[in-house]
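What the coordinates show
Listed below are the residues making up each chain.
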Amino acid sequence: MKILHISAECYPIAKVGGLADVVGALPKYQNSKNVISQVVMPFYKNKFTKENKFIEEFKSTLKLGESEYDFRILSLENNLLGFDLFLVDIPELLFKDYVYSSDDTDRFLAFQIATLDWVLTWKKKPTVVQCHDHHTGLTPFMISQSLKYKKLSDIPTIFTIHNAQYQGWFSHEKVSLIPEFDFSKVGLIDWGGTINPMAAAIKCAWKVNTVSPSYMDELKQSANGLEWLLNDESAKCVGILNGIDTDVWNPEKDSYLLKNYSIKTIQSGRNTQKKWLCDEFNLDIEKPLFAFIGRLVGEKGSDLFPEVFRNALINKDISILLLGSGNKEVEEQLENLKEENKGSYNAFIGYDEKLSHLIYAGADFLLMPSRVEPCGLNQMYALRYGTIPIVRSIGGLKDTVIDISEENGFGICHENVTVSEIVHAIARGLDLYKNQTKFKKIRKQIMTIDHSWYASAEEYIKLYKSLKG
Ligand code: ADP
Ligand code: GLC
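**Re the overall build of the protein**
Looking only at helices and strands, the protein has 16 helices and 17 strands in total. Computed over C-alpha atoms, the radius of gyration of the protein comes to 23 Å, within 12% of the 23 Å expected from 2.2 N^0.38 for 469 residues, which places it in the range of a compact globule. Considering only C-alpha atoms, the protein reaches an extent of 65 × 45 × 40 Å along its principal axes. Within the protein, contacts between residues at least 6 apart in sequence are counted, and of these 72% link residues at least 24 apart. Accessible surface computed for the protein: about 19200 Å², of which carbon and sulfur atoms make up 49%.

Written out as structure tokens, the structure is:
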């Protein structure tokens, strides 16, 4: 069985968020289960592509409407990733120092066309093509409808929804960019009068999955306009919880950490990273450290952070540290908050992989007051490193965190995304911290929870097997 994953992101090649972590880990676990799992992604201009060597596998010219672009398919030389990696090099469109931008329609359409032009030349076709998020959402349509890909039309496709907020909408004026198809089928790519790649994928893929079971249920109620479609297609829809790459996210081996630790050495290990964080960010090591790591966008509840932090910090017994970037207004407010809360609050506005690992290993609590959370990987990383998650019960957070008030509970959950509920959840965290016996017991308990990919990779394999090409 040969699976081809098509994605805009893949760790460690290019990462914006959790999509990269998933596409960089799932294939590795699948390969350990007698499946050949490969990844194809764009060739961006970044540190990884600069520092590694690539082999040219294929070369051609693609048509995007009236325009023509030369492209190459590259593979990675000395590949230690645990899966085959192919990169689509379209210098004019993809070789940029960013992943996403305002001209994504053309860029990702060209990426998908180049990928399919290349797959068309394969002697043995993939058993399943798995597309991730809207950037690859027109692939199931093109495979099943574009005349030039007729030879591929019996390849089963899976569409994985990591985030239904972004759907890749573009105007019908650009329909000619899609390789020719029987125009009576144009309804398959349309949703509400615009071309909607995510809707097209939900209609055309053989199976559709979300990255947690709860998120699938929630999308049927509210999916940024696609709820009706998901209800209609529910027979082919399923929720599969993401896992985490426990090779990369392992406090015993993590090379980003100052001191590695296990359950046995948790106290001294975590203390080392906490001390570093507190020295670096001018915080008091004696106080519980509440942290946030992530994109500063509405889905993560980040617009409320300035008010939440101001209110929470009235209590002088806590510290807060934030690592993130996104909305410029929120970034500025979070910067401004530093002056009035010196010694108890700090923020690093930006993206820093190493710092994120140090925070997972040194903070006491991780805040995730998300409005929407399709899965969320941060809470699973936090658990593995012994940091107690404080989450809003939604999507994958609901599927992975049990409140301490319940039997075997280990996290702090709240129902709504309001300033008062988040501040109250932080106060519950402080109470827990004051009970050091219980706090330390829970910290050890959460490190034993297994969220590795093994179980979920198996669920995907079952899904592949259910498809008959
Ligand atoms: P999403 O994909 O919605 O952003 P996830 O929880 O699935 O959320 O994954 C986020 C990933 O991105 C995690 O690996 C997290 O550690 C990482 N991350 C997010 N923001 C930053 C940042 N500013 N610096 C470093 N890592 C970050
Ligand atoms: C998306 C979601 C996040 C999920 C990630 C990986 O970015 O916002 O919740 O964990 O994809 O599937």
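**Brief notes about the packing of helix α8 (residues 266–280) against helix α15 (residues 436–447)**
In contact at an axis separation of 12 Å, α8 and α15 are set at 95° when each is read in the N-to-C sense. By the angle class used here, α8 and α15 are roughly perpendicular. Every residue of α15 that contacts α8 at Ile 266, Gln 267 and Arg 270 is listed here: Lys 440, Arg 443, Lys 444 and Met 447.

**Structural notes on the site of ligand 1**
Near ligand 1 lie 20 residues; those nearest to it are Lys 15, Gly 18, Asp 21, Arg 295 and Tyr 360. One of the side-chain N or O atoms of Arg 295 is found 2.8 Å from an oxygen atom in ligand 1. Take Gly 350: an N or O atom from its main chain is 2.8 Å from a nitrogen atom of ligand 1. Bound to the protein, ligand 1 loses 93% of the 570 Å² it would expose on its own.

**Section: the sheet that holds strand β7 (residues 157–161)**
The mixed open sheet is built from nine strands, whose spatial order is β3-β4-β5-β2-β1-β6-β7-β10-β11. Since the sheet does not close on itself, it has two edges, and those belong to β3 (54–64) and β11 (237–239), each with one partner. Adjacent strand axes in the sheet meet at a mean angle of 25° when their direction is disregarded. Pairing between strand β2 (residues 36–42) and strand β5 (residues 84–89): five bridges, direction parallel. Among the inter-strand pairings, Val 39 is bridged to a residue of β5, identified as Leu 85. Along the sheet, helix α1 (residues 18–31) makes contact with β1 (2–6), β2 and β6 (128–132), crossing β2 at roughly 155°.

**Description of the pairing of strand β12 (residues 289–296)**
Judged by how many residues are buried, β12 sits mostly within the fold: six of eight residues are covered. Pairing geometry for β12 and strand β13 (residues 319–326), over eight bridges, is parallel. Bridging from a neighbouring strand, Ile 293 pairs with Leu 323 of β13. For the crossover that starts at β12, traverses helix α9 (residues 305–312) and ends in the parallel β13, the hand is right-handed. Pairing of β12 with strand β15 (residues 365–368) involves two bridges; the strand directions are parallel. Paired with Ala 291 across the bridge in β15 is Leu 366.

**Description of the packing of aromatic side chains**
By the definition in use, this model includes 23 aromatic pairs. Aromatic rings pair up to connect Trp 249, Tyr 360, Tyr 381 and Tyr 385 into one cluster. The ring of Phe 108 is capped by Arg 107, whose NZ or CZ atom sits 5.3 Å from the centre of that ring.

**Observations concerning helix α3 (residues 104–119)**
In a regular helix each residue adds 1.5 Å, so 16 residues correspond to 22 Å; α3 covers 22 Å between its end C-alpha atoms and thus fits that length. Summarising burial for α3: 14 of the 16 residues are buried, a large majority.

**A look at the site of ligand 2**
What surrounds ligand 2 is a group of 13 residues, the closest being His 162, Asn 242, Glu 373, Cys 375 and Gly 376. Between Glu 373 and ligand 2, the recorded distance is 2.5 Å, taken from a side-chain N or O atom to an oxygen atom. Look at ligand 2: alone it shows 300 Å² of surface, and the protein chains cover 92% of it. Element by element, the count of residues in the shell around ligand 2 is highest for α1, at three residues.

**Details of the pattern of salt bridges**
Opposite charge on two side chains lets them pair, provided their charged atoms get close. This structure, assessed with the given rule, holds 21 salt bridges. In this structure, Glu 458 engages Lys 33 in a salt bridge whose closest nitrogen and oxygen atoms are separated by 2.9 Å. Of this pair, Glu 458 sits in helix α16 (residues 454–465) while Lys 33 sits in the loop between α1 and β2, placing them 425 residues apart in sequence. Overall, Glu 458 belongs to the partly exposed group, its relative accessible area being 31%. Judged by its relative accessible area of 24%, Lys 33 falls in the partly exposed class. Among the ionic pairs, Lys 338 bridges to Glu 335, the shortest N-O distance being 2.9 Å. Note that Lys 338 and Glu 335 are positioned in helix α10 (residues 328–340) at a spacing of three residues, about one turn of the helix. Salt bridges sharing partners connect three or more residues here, namely Lys 15, Asp 21 and Glu 353.

**Some points on the pairing of β2**
Of all the seven residues making up β2, six are buried; the element is thus mostly covered by neighbouring parts of the structure. Sheet topology note: the β1/β2 ladder contains five bridges and is parallel. Looking at the pairing, His 5 lines up with Val 39 of β2. Since β1 and β2 lie parallel, the crossover through α1 that links them has a hand, and here it is right-handed.

Rules and cut-offs
- Residues numbered from 1 in each chain as written.
- Chains lettered and ligands numbered in written order.
- Predicted model: local features only at pLDDT ≥ 70, side-chain atom pairs only at ≥ 80, totals over all residues.
- Heavy atoms only, no water.
- Helix = DSSP H or I, 4+ residues; strand = E, 2+ residues; numbered from the N terminus.
- Rg over C-alpha atoms; globule rule 2.2 N^0.38 Å.
- Contact = heavy atoms within 4.5 Å.
- Areas by Shrake-Rupley, 256 points an atom, 1.4 Å probe, with all protein chains shown as cover.
- Axes fitted to C-alpha atoms, helices over the stretch in contact; angles between N-to-C directions.
- Parallel < 35°, antiparallel > 145°, perpendicular 65-115°, else oblique.
- Near = heavy atom within 4 Å.
- Polar contact = N/O pair within 3.5 Å; in protein donor to acceptor, adjacent residues only side chain to side chain.
- Pairing = 2+ DSSP bridges.
- Buried < 20%, exposed > 50% of the residue type's maximum accessible area, 1.4 Å probe, protein only.
- Right-handed = clockwise from strand over helix to strand, strands pointing away.
- Phe/Tyr/Trp six-rings, centres within 6.5 Å; stacked < 30°, edge-to-face > 60°.
- Lys NZ or Arg CZ within 6 Å of the ring centre and 35° of its normal.
- Expected span 1.5 Å × (residues − 1).
- Salt bridge = Lys/Arg side-chain N within 4 Å of Asp/Glu carboxyl O.

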